[in-house]
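# Structural description and commentary
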Amino acid sequence: MTNNCQYCSKKIPISKVFCSAECKESFFQKIVISVPKPFVKKLYFFCSEEQRESEIKVFAKRHNWHEKLVTEKVEELFEEYYKCG
Ligand SMILES: [Zn+2]
């Protein structure tokens, strides 16, 4: 029996929830990141890929969040808001 890391989905023993301390930290940091829906919309519909990257960089810096985590969160929200159904 195996479990999957809640953050990166890697296979791990059933007794564990995360594969590493980094994944655990990233998971909990990502929970507190909140990205407004209009910002997600703007990034995907009104920005080029380079603009999107720099917008995310500024946004992450302003809130003191990891850029990588913000990027992941934005991608997840975009899927959730605009890709299902
Ligand atoms: Zn992991």
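Labelled according to an unreviewed UniProt entry, the protein chain appears under the name DUF2116 family Zn-ribbon domain-containing protein, originating from Arcobacter ellisii.

Regarding its fold elements, the protein chain presents four helices and two strands. Ordered by position from the N terminus, the helices and strands of the protein chain form the series β-β-α-α-α-α. In terms of principal-axis extent, the alpha carbons of the protein chain reach across some 45 × 35 × 20 Å. In the protein chain, which comprises 85 residues, the share counted as buried stands at 9%. A fraction of 33% describes how many contacts in the protein chain between residues 6 or more apart in sequence connect residues 24 or more apart.

One finds Leu 43, Ile 56, Ala 60, Val 70, Val 74 and Leu 77 forming the largest nonpolar core, which totals six residues. Those elements that provide at least two residues to this core are helix H3 (49–63) and helix H4 (67–83). Ranked by the residues each element gives to this core, the list is headed by H4, at three residues. For Val 70, the residues in contact, after removing those within four places along its chain, are Ile 33, Ile 56, Phe 59, Ala 60 and Trp 65.

So, about the domain arrangement of the protein chain. Taken domain by domain, the protein chain holds domain 1 (1–32) and domain 2 (33–85). Inter-centroid distance (C-alpha atoms) of domain 1 to domain 2 is 23 Å. On the side of domain 2, five residues touch domain 1, which itself brings four residues to the contact. A breakdown of the residues in the side of domain 1 that touches domain 2 according to their chemical character gives one nonpolar, two polar and one charged.

This part is about the packing of helix H2 (residues 37–45) against H4. Two elements in contact, H2 and H4, have axes separated by 10 Å at closest approach and are oriented at 95°. Classified by the angle between their axes, H2 and H4 sit roughly perpendicular to one another. Counting all contacts with H2, which are made through Lys 37, Val 40, Leu 43 and Tyr 44, the residues of H4 involved are Val 74, Leu 77, Phe 78 and Tyr 81. A per-class count over the contact of H2 with H4 returns seven nonpolar, no polar and one charged.

Looking at the secondary structure, you find Ser 9 in the loop between strand E1 (2–4) and strand E2 (11–13). A C-alpha to C-alpha distance of 15 Å links Ser 9 and Glu 25, two positions 16 residues apart in sequence.

Position of Glu 75 among the secondary structure elements: in helix H4. A C-alpha to C-alpha distance of 9.5 Å links Glu 75 and Tyr 44, two positions 31 residues apart in sequence.

Each value, and the rule that gives it
- Residues numbered from 1 in each chain as written.
- Predicted model: local features only at pLDDT ≥ 70, side-chain atom pairs only at ≥ 80, totals over all residues.
- Helix = DSSP H or I, 4+ residues; strand = E, 2+ residues; numbered from the N terminus.
- Buried ≥ 20, exposed ≤ 12 C-beta atoms within 10 Å, placed from the backbone.
- Contact = placed C-beta atoms within 7 Å.
- Core = buried A, V, L, I, M, F, W, Y, C linked by C-beta atoms within 7 Å.
- Domains from an automatic or database assignment.
- Nonpolar A, V, L, I, M, F, W, Y, C, P; charged D, E, K, R; others polar.
- Axes fitted to C-alpha atoms, helices over the stretch in contact; angles between N-to-C directions.
- Parallel < 35°, antiparallel > 145°, perpendicular 65-115°, else oblique.

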